[in-house]
Amino acid sequence: MEIGRFLLGLCAFLYLYRSLSAESTCKLKAKFNLSGYKDVEKKKVVVGGMFPVHQRIASTDRNTSRVPVSSGCERFNFRTFRWTQTMLFAINEINEKQDLLPNTDLGYVIYDSCFTISKAVEGTLTYLTGQDEAVPNYRCGSGAPLAALVGAGGSDLSIATARILGLYHFPQVSYSSTCSALESKFQFPTFLRTIPNDKHQSTAIAKLVLHFGWTWVGTIAADDDYGKYGIKAFKEQVEDAGVCISFSEILPKVSSQEDIQRIAKTVVEATAKIIVVFSSDVDLSPLILELLRHNVTNRTWIASEAWVTSALINQPGVNSLLGGTLGFGVKRADIPGLQRHLLDLDPYSNQLTEEFWEILFNCTLDYGKAVKQAKQRAKEVNGTLSRAVRGVPDGLCTGGESLAQLSNTYSDVSQLRITYSVYKAVYAVAHALHNLEHCEDGQGPFIGKSCADITNFEPWQLMYYMKNVRFKVPHTDEEIYFEGGDVEGLYDLINWQISSYGEISYVTVGSYNGSAAPEDRMTITNDSIVWNNEMLEPPRSVCSENCQPGTRKGIRQGEPVCCFDCIPCADGEISHSTNARACILCNYDEWSNEAHDSCVPKIIEFLAFGEPLGITLIAISAFGALVTIGVGVVFVAHIGTPLVKANDALLSFSLLFSLVVTFLCSIVFLGKPRHWSCMTSQVSLALGFALCLSSLMGKTAVLMLRAQALKAARIKAKAAAKAAKEAAAEAAANGGSPDVIFTNTFINSDSNASANPEVDSLTCAHQRAIAAVATLIQAVACTVWLIILPPHPFENTSAQNIKIILECDEGSVIFICCVFAYDILLALLALIFAFIARKLEDHFSEAKCVTFGMLVFFIVWISFVPAYLSTRGKFMVAVQIFAILASSFGLLSCIFLPKCYILLVKPELNIEEMMKPRAKPRDGTSTGTSASFATAATEVNATIASTAIDD
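The structure displayed is predicted, hence computed values, not measured ones. (Residues numbered from 1 in each chain as written. Predicted model: local features only at pLDDT ≥ 70, side-chain atom pairs only at ≥ 80, totals over all residues. Heavy atoms only, no water.)

## Here's the deal with the overall build of the chain
Thinking step 1. Counting its regular elements, the chain contains 26 helices and 27 strands.
Thinking step 2. Summed over all atoms, the accessible surface of the chain reaches about 45900 Å², with 57% contributed by carbon and sulfur. (Helix = DSSP H or I, 4+ residues; strand = E, 2+ residues; numbered from the N terminus. Areas by Shrake-Rupley, 256 points an atom, 1.4 Å probe, with all protein chains shown as cover.)

## Re the packing of helix H21 (residues 764-788) against helix H22 (residues 813-836)
Thinking step 1. Contact geometry of H21 with H22 gives a least axis separation of 10 Å together with a crossing angle of 170°. Classified by the angle between their axes, H21 and H22 sit roughly antiparallel to one another. Side by side, H21 and H22 meet where Ala-774, Ile-777, Gln-778, Ala-781, Cys-782, Val-784, Trp-785 and Ile-788 of the first sit next to Phe-815, Ile-816, Val-819, Tyr-822, Asp-823 and Leu-826 of the second.
Thinking step 2. Residues that form the contact of H21 with H22 fall into these classes: 12 nonpolar, one polar and one charged. (Axes fitted to C-alpha atoms, helices over the stretch in contact; angles between N-to-C directions. Parallel < 35°, antiparallel > 145°, perpendicular 65-115°, else oblique. Contact = heavy atoms within 4.5 Å. Nonpolar A, V, L, I, M, F, W, Y, C, P; charged D, E, K, R; others polar.)

## Brief notes about the sheet that holds strand E27 (residues 803-809)
Thinking step 1. Strand order in the open sheet made by the three strands is E25-E27-E26, with mixed pairing throughout. Two strands in the sheet have a free side with no partner beyond their single neighbour: strand E25 (603-605) and strand E26 (792-796). Sheet twist, expressed as the mean angle between neighbouring strand axes with direction ignored, is 25°. (Pairing = 2+ DSSP bridges.)

## Here's the deal with the sheet that holds strand E16 (residues 490-498)
Thinking step 1. Read from one edge to the other, the open sheet built from eight strands follows the order E10-E9-E11-E12-E13-E16-E17-E18, with strand pairing classed as mixed. In this open sheet, the two strands that pair with only one neighbour each are strand E10 (244-251) and strand E18 (522-524). Looking at each pair of strands side by side, their axes are set apart by 25° on average, direction ignored.
Thinking step 2. Here five bridges tie strand E13 (residues 326-330) to E16, and the two strands are oriented antiparallel to one another. When the bridges of E16 are listed, Val-330 appears paired with Tyr-491.
Thinking step 3. In the packing of helix H6 (residues 225-240) onto the sheet, the strands contacted are strand E9 (216-222), E10 and strand E11 (274-278), and the crossing angle to E9 comes to about 160°.

## Some words on the environment of Val-209
Thinking step 1. Turning to its location among the elements, Val-209 is positioned in helix H5 (residues 198-211).
Thinking step 2. Spatially, the C-alpha atom of Val-209 lies 7.9 Å from that of Val-238, the residues being 29 residues apart in sequence.
Thinking step 3. Once residues lying within four places of it in the same chain are set aside, the contact partners of Val-209 are Trp-214, Val-217, Phe-234 and Val-243.

## Thoughts on the state of the cysteines
Thinking step 1. Under the counting rule described, the total for this entry stands at nine disulfides.
Thinking step 2. Covalent S-S linkage joins Cys-569 and Cys-583, the inter-sulfur distance amounting to 2.0 Å. On the S-S bond that ties Cys-569 to Cys-583, the torsion sits near -85°, and the link is left-handed. One end of the pair, Cys-569, is in the loop between strand E20 (564-568) and strand E21 (573-574); the other, Cys-583, is in the loop between E21 and strand E22 (584-585), and 14 residues separate them in sequence. For the pair Cys-569 and Cys-583, one class covers both residues: buried.
Thinking step 3. The side chain of Cys-586 participates in a disulfide bridge whose partner is Cys-599; the two sulfur atoms lie 1.9 Å from each other. (Disulfide = S-S within 2.5 Å. Buried < 20%, exposed > 50% of the residue type's maximum accessible area, 1.4 Å probe, protein only.)

## Things to note about helix H14 (residues 418-437)
Thinking step 1. In this model, H14 (20 residues) spans 29 Å end to end at C-alpha, consistent with the 28 Å of a helix rising 1.5 Å per residue.
Thinking step 2. Burial analysis of H14 places 19 of its 20 residues in the buried class, which makes it a mostly covered element. (Expected span 1.5 Å × (residues − 1).)

## Here we look at unusual backbone geometry
A negative phi holds for most residues other than glycine; trans holds for most peptide bonds.
Thinking step 1. Along the chain, Gly-151 connects to Ala-152 via a cis peptide bond; the corresponding omega equals 15°.
Thinking step 2. Position of Ala-152 among the secondary structure elements: in the loop between strand E6 (146-150) and helix H4 (155-167).
Thinking step 3. Even without a glycine there, the phi angle at Cys-114 is positive, about 55°.
Thinking step 4. Note that Cys-114 resides in the loop between strand E5 (106-112) and helix H3 (117-129).
Thinking step 5. Overall, Cys-114 belongs to the buried group, its relative accessible area being 0%.

Given below as structure tokens:
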């Protein structure tokens, strides 16, 4: 028995020693310095809250040689302090209700997160532990159960707290954390919020930018998840729609003057007039102050919900910078009784309230502190203590100061947006607790259809009711429910307008409903918007102005796609839309108009009969044909005269006929080309000139042969005369009879010199045969041409861009070259023959006339080639007709005008004697040409006789 007691005592001793040893190794590593509100005594359930009442933690000396102390906070924020008071007001209102948690009083534990992650984590750990010393994984308090945490302010803070609370399945309801990253239930399983998800706001801002046609936008985002996720979603949507980002800057969380100045310089130098800002008011405030120093104007700011109604940004003097700002704010509501609660504040109730009072009224509630400050001021003034210090010191708050007499952000209930979101978050927790409390046994949602106990429930049990809560908010009747932890995306579009008092007022000019159909989500009253500098027209913010129809966009290398050059469409190309990426080529029968924004039918061009040029050419052609016919009539009238006889009347008439053909065929070149006209014009021209030139060639061939024969006869005559002279001289020397010797010599010489020249080697029949055969060859060539590859009408669209030139296509270049080369050959032969026969010594110079006529012919057609090649369109036809007419008139004038002159004006010259050769001068020179070779022997005899007489 004693052994048993001994063993039992030994075990107890060992257990006690082990416990003491464990306690001696468990040390408290830190004690947090948190401020806030707390009321948990005699409360059935405690609701947590976290608000960024201060803007940042106070700086420390970072001394590591002593025990670190949790930093305090600085820069009191009146706006977020109103949020804190709203939670207190909502809890008090719920505790007074009989229809909501009638048997349960809610307590609260509210901490200041100081707008920093570290303080938010401190508050979360302390809240979970239940005492000022945080002990992870332990709930050390023994009071009322914790319900949920309302908070913790910005998205970064909520992300930090949600990761911790999610480990313990502890519900968290945020009133201002909008970051889209928080929608992930995998990372944040117990996070809910009464403010819309930023994915709705990013879409709304993107639609706003696209609505006003802004394609050149600058972006500024806070260096946190709220700013980065929000601006990222915005960029993705607008860039897909063709909007370009001029600049993208990040606001530092810890204000750096160097960074702020750099961002301000970017804003000043940027050409973008629209700037989208995803940031809290705390992070944005330093940049606004810097921009005011630069006197920046003419910018339109697009605000996110975090600062669109912030009094921290809307300070005196920002009108020129921020006037006309547009932004989306969460749903606004009026909360009856809240303003009275805000004004009925006891300055001594809490440390935060005391600090608020002292900052608001610029005094202190601490008497000792007030005396100390008064003494310090007195010494600075005159070095002695004043009577005021001995009594009530200056700067001491009475506690009875009136909040109602001040106009500040705290007491302003005109724009209750985030405040309303706080109000809804508290009521969401209350309704979830109400549903948990009124669960009926046997119908519960948990295992065995059990219910949770309101006095002792687990966080995950309340989370079930939180996810499924559905209620209407008091005073507004807005229905609240969570879908994946989020509420509907409802926003008001707010415009910063300057009132008649010179102050900025928030005017609702539209709305956005993220749950509506895409086409009905946004409504904007454009006429109600007042832009920066009080302009009524929306500002333009583009890197490059829109390319109007008639131009296309030319991308600049190395620059965003919104920066481009407007390149005019080339001739024949159009663009009929704004900002066309490429020009459209017109059809072959169309051309671009002057503006290059539409295709118009090309001008159909041909040399028409009715236009002035056509009428002129017809008149000239008809005149030429009539003149030629008139010449023919003259020849017919004088058919029996020596002049007409001497020129072979048939060849003359064929020559005149061919000239009539060439004159008239030029008319066929006019008018709209047809199959028959194309074939007729070219063939008739070729045959007409062939007949004309072959007739001339026949004439000139005879003249050339006559000239050659006459030349040979003269040579023989001279030789005979010389021989006779020598014989006479020899006879005289021998004493013989010179007359007898002369006569015999003359007879022999005359018979040898003029045995054949009196008869033409080419008769009229030969000349006509030459003309007929030469023309027949051309006719055969033209026939083959017409059969194989005939000329045909052709629409020439390449010669001139704006015109379709109707012209005749030759069909075969080889054929047309051969046909007209043949005409050129005939012309060359006629010219050569005429040139050789030009010295025939007739009274009438036929060879000279033909020579001049052929020279005119060649001059005209040589000049025609460059003129033809240098013209386009109908003028090519006109040049061709002019060449035909000029060459025809040249031949008609040079060949027939001298003859008509003799026939009509000088008929006395139209006699046989004038058709005979003139006497050759004594010096033996040749002074003329001949029209007849029939009397050549007489000339030779006369020459010999005169020589003999002289001798």
